[in-house]
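Each chain, written out:
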Amino acid sequence: MDRRSMQDAADAAALAAGTDATASYRDTVGAVTAQYGYVDGANYTRITSSESVTCPGTGETNCYQVTISYKQPLYLLPLLGFRGNSAIGDVPAQTLTASAIAKPTTTSRSYCILALNTIGTAILANGAPKGDLSGCNTMSDASANCNGHDLGADYGDAHITDTGCGVIQTSNLPILVDPYSGLASNIPPDPCGAYPQEPAKHNGAPLPASNQWNGGKNLSGNVNICGDLELTGDVTINAPTNAVLVIRNGQLDTNGYTIKTASGSAMTVVFTGDNSNGTTHAPTGGGTLDIQAPTSGPWSGVALYQDPSLTTGVDISDAGNSPTWDITGLVYLPHSNVTFSGAVNKSSNGSSCFAMVVGDITINGTASILAHGGCTQAGLNLPTNQIPGRGQLVY
């Protein structure tokens, strides 16, 4: 009976350690065995626990083992000649041992919104009763706080604390490291000698013709724009072999017009440059971004990309509204403070896929993602975290 009770305690404690899977797992083990009446150092009991144990049958070294040993005093059995295998002082005793091994389990969860800041509240929603992120999950590398509405996201996850964000809310998850920063190595060298900016006043010197676009544009490979790019009419991008529009030390001002990838075409818009000249490195204006990202190649699935070395001029105050976003692919803004107020739909000619990686984000009003579920076809590997699950007993 004692051995059976000890085994139950060891099994439960190993499962708890595999579920905890943190540096404090020994505290969890002690709390569980105490519920069964076994406390290390009390009543001739010894409890040991180990991590990084080899898992039986798999060779993995991420298992947790719990062993309980207990000296049971023998009072009557010595009269029949059985004196056990140990002693407590002068009293014969039998040492009983029970051991169990469990491994941690994880599940993968992908996100349509990932906030990378690790301090404070990286995802914030203040009274967004019409917010609709259904079919998507959100992840904050700090805390997440949604007041008055859960945004409809399937899961709201956070490294610190998730309060109110997501239909199912989970806290204390591992930080999700930026999965896209390495794409910056694909940005070509700077060929620019100057970076023209839009005039601050109407009577100022206009941008050069190369920085003012309208009508059809046939693009391929890397296309460099030095300084601001301003639309002076609707623009259709013909890029059947994919194009990368690299805007250096400048903004993409839609100026009330639409920039659109044609059917069978795809484009990535990259904002790059330096942090010293006070320029804006983001889309602006009251028009529309109707962009399909490439489905292959180094920029596969990426529609908009801010160079992660940029830390100034990167904020977006009215994402989804000004300009309107009809985007298939990833919008990567790793140091941007984003206010997301509008609706994101898929591009006219692309699949239903959208994801946004930001520094931090405030979600207001009718913020919604109307198109999702087609990221495999769009060539985008969504940000994905490994979520700890319940431990699994393996021995």
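Residues numbered from 1 in each chain as written. Predicted model: local features only at pLDDT ≥ 70, side-chain atom pairs only at ≥ 80, totals over all residues. Heavy atoms only, no water.

Peer 1: Teacher, can you tell me more about the overall build of the protein here?
Peer 2: Helix and strand counts for the protein come out as 3 helices and 29 strands. In terms of overall size, the protein is more extended than a compact globule, its C-alpha atoms giving a radius of gyration of 29 Å where 395 residues would be expected to give roughly 21 Å. Overall, the protein is about 110 × 40 × 40 Å in size when its C-alpha atoms are taken along their principal axes. Counting only residues that meet the buried cut, the protein has 48% of its 395 residues in that class. At a minimum sequence separation of 6, the contacts of the protein that also span at least 24 residues come to 60%. Put simply, the protein shows about 16900 Å² of open surface, and 49% of that area lies on carbon and sulfur atoms. (Helix = DSSP H or I, 4+ residues; strand = E, 2+ residues; numbered from the N terminus. Rg over C-alpha atoms; globule rule 2.2 N^0.38 Å. Buried < 20%, exposed > 50% of the residue type's maximum accessible area, 1.4 Å probe, protein only. Contact = heavy atoms within 4.5 Å. Areas by Shrake-Rupley, 256 points an atom, 1.4 Å probe, with all protein chains shown as cover.)

Peer 1: Explain the state of the cysteines to me, please; I cannot follow it from the model alone.
Peer 2: Disulfides are covalent bonds that link the sulfur atoms of two cysteine residues. Enumeration over the complete set of coordinates arrives at 4 disulfides. The disulfide bridge from C353 ends at C375, spanning 2.1 Å between sulfur atoms. Judged by the sign of its S-S torsion, about 95°, the bond between C353 and C375 is right-handed. Placement of the pair is C353 in the loop between strand 25 (343–345) and strand 26 (354–363) and C375 in helix 3 (residues 375–378), with a sequence separation of 22 residues. (Disulfide = S-S within 2.5 Å.)

Peer 1: Please explain the packing of helix 1 (residues 2–20) against helix 2 (residues 25–35) as it appears in this structure.
Peer 2: Two quantities define a packed helix pair, namely the angle between the helix axes and the distance between the axes. Where helix 1 meets helix 2, the axes come as close as 8 Å, and the angle between the chain directions of the two elements is 150°. Put simply, helix 1 runs roughly antiparallel to helix 2. Helix 1 and helix 2 meet at a crossing whose hand is right-handed. Residues A9, A12, A13, A16, A17 and D20 of helix 1 form the contact with helix 2, whose own contacting residues are Y25, T28, V29, V32 and T33. A breakdown of the residues in the contact of helix 1 with helix 2 according to their chemical character gives 8 nonpolar, 2 polar and 1 charged. (Axes fitted to C-alpha atoms, helices over the stretch in contact; angles between N-to-C directions. Parallel < 35°, antiparallel > 145°, perpendicular 65-115°, else oblique. Left-handed = near helix turned anticlockwise from the far one by under 90°. Nonpolar A, V, L, I, M, F, W, Y, C, P; charged D, E, K, R; others polar.)

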